[in-house]
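Analysis of the macromolecular model
Chain residues, written in single-letter form:
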Amino acid sequence: MSADRQLWDSLRHHGDVDASDGLLDFAVNVHGTAPPDWLQRRLASRLSDLARYPTAAEDLAVRESVARRHGRNPDEVLLLSGAAEGFSLLAHLSPRCAAVVHPSFTEPEFALRQAGIAVQQVVVPPPFRLADATVPDHADLVVLGNPTNPTSVLHPRADIHALRRPGRVIVVDEAFSDVVPGEPETLAGISLPDVLVLRSLTKTWAIAGLRCGYLLGSPALLAELTRRRPHWPVGTLQLEAIRACCTPEALAAAEVIMQRIGEDRKYLIAALRQFESQGVGIVEPADASFLLLHVSGRPDLRHRLKERGIAVRRCDTFPGLSDDYVRVAVREREAADALLAAIREVL
Ligand SMILES: Cc1ncc(COP(=O)(O)O)c(C=O)c1O
């Protein structure tokens, strides 16, 4: 396979491919197996409205809800068909050089390259701190994740501020920020002319199939991003879901999910430490709903786990990582115990 083909394939590889049917899924980081009942009811209540196009008034009402949730103005909100759509809009900023901080979610790099934008990979070595990233001065677009997928590292926002330069736009992918209690490092609530914050509703609310997210940024940047966007880009059900997930009730429910993920992560980390002497390292501190594991000399680990009915996310497709790494989702204890038993067996 050509190096080019391999790069494209790696950048487009996502955990859903690792999690084939019938496997206990630790490869995908969506919380739970279905949207909560209250959200399903809200979506069902809008089915009879689908005959008509979504209106500008509806779009504004939803942007107002998002703006309230983050303490921003509605004109600083761009609703998206999933955070992934946001990556594909970045090319409209026409950057001369986009620096993508790795290891991280690969879709931004894929979207930028596909649009013909020159991309420079900025690979940060373990322990994967943004402060160690050498971003080239000439990069006029910098993309990073916080907390970062797949490392689970939460970067201090001071380190993000340190990357700001005149003529440069910083994009912070906060798709997993809503699992961090209090979100101490989020930039979602801060209006900065050169910083775009991308949020997703996919993970916490188990709506990967609905495609819901939004961008927060200056009205000038949002206008540039949407220059060639098709009309009615976000459907009625997506609008309904975004609005529903911004209510105080939803935020209270998210808080409960967040606490549960924190406890489950603590349990998983403590249990995984028993394998330290067998070469299993955990990237810590971990703040997201998944853990990055380093298992030296066991590139076969994911295959052996698959034979035992368990899917983990391969990591050799992430720039900066090798097949010595796997990513595992934080799941409830019963599932975690099954993973731990399988790892014990394999090791
Ligand atoms: C870090 C990160 N950002 C963005 C996305 C895409 O989110 P969405 O489903 O909202 O497009 C994902 C999905 O896996 C992700 O892991």
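See the structure above.
First, a word on what this report is: a plain description of the structure on this page. It should be emphasised that the depicted structure is a prediction, and the values quoted were computed from it without experimental measurement.

Thresholds, definitions, all that
- Residues numbered from 1 in each chain as written.
- Predicted model: local features only at pLDDT ≥ 70, side-chain atom pairs only at ≥ 80, totals over all residues.
- Heavy atoms only, no water.
- Near = heavy atom within 4 Å.
- Polar contact = N/O pair within 3.5 Å; in protein donor to acceptor, adjacent residues only side chain to side chain.
- Areas by Shrake-Rupley, 256 points an atom, 1.4 Å probe, with all protein chains shown as cover.
- Helix = DSSP H or I, 4+ residues; strand = E, 2+ residues; numbered from the N terminus.
- Nonpolar A, V, L, I, M, F, W, Y, C, P; charged D, E, K, R; others polar.
- Contact = heavy atoms within 4.5 Å.
- Pairing = 2+ DSSP bridges.
- Axes fitted to C-alpha atoms, helices over the stretch in contact; angles between N-to-C directions.

A few words now on the site of the ligand. In the vicinity of the ligand there are 14 residues, among which Asp173, Ser200, Thr202, Lys203 and Arg211 approach most closely. Within the backbone of Ala84, an N or O atom sits 2.8 Å from an oxygen atom of the ligand. Here an oxygen atom of the ligand and a side-chain polar atom of Ser200 are 2.7 Å apart. In isolation the ligand exposes 400 Å². Once the protein is present, 89% of that is buried. Elements represented by at least two residues in the shell around the ligand include exactly α5 (83–89) and α8 (202–205). Here the element with the most residues in the shell around the ligand is α5; it accounts for three residues. Of the residues belonging to the shell around the ligand, the class tally is seven nonpolar, four polar and three charged.

Next up on the list: the environment of Thr204. With respect to the helices and strands, Thr204 occurs in helix α8. Separated by 126 residues in sequence, Thr204 and Leu78 place their C-alpha atoms 20 Å apart. Look past the residues within four positions of Thr204 in its chain and what remains in contact with it is His31, Asp178, Val179, Ala254 and Ile257. For Thr204, the side chain forms a polar contact with the side chain of Asp178, separated by 3.0 Å.

Taken together, the seven strands give an open sheet; going across it, the order is β2-β8-β7-β6-β5-β3-β4, and neighbouring strands pair in mixed fashion. Two strands close off the open sheet at either side, each with one partner strand: β2 (77–80) and β4 (119–123). Between one strand axis and the next, the sheet turns by 20 degrees as a mean value, whatever way the strands run. Both strand β3 (residues 98–102) and β4 contribute to a ladder of five bridges, which runs parallel. The residue of β4 that forms the bridge with Ala98 is Val119.

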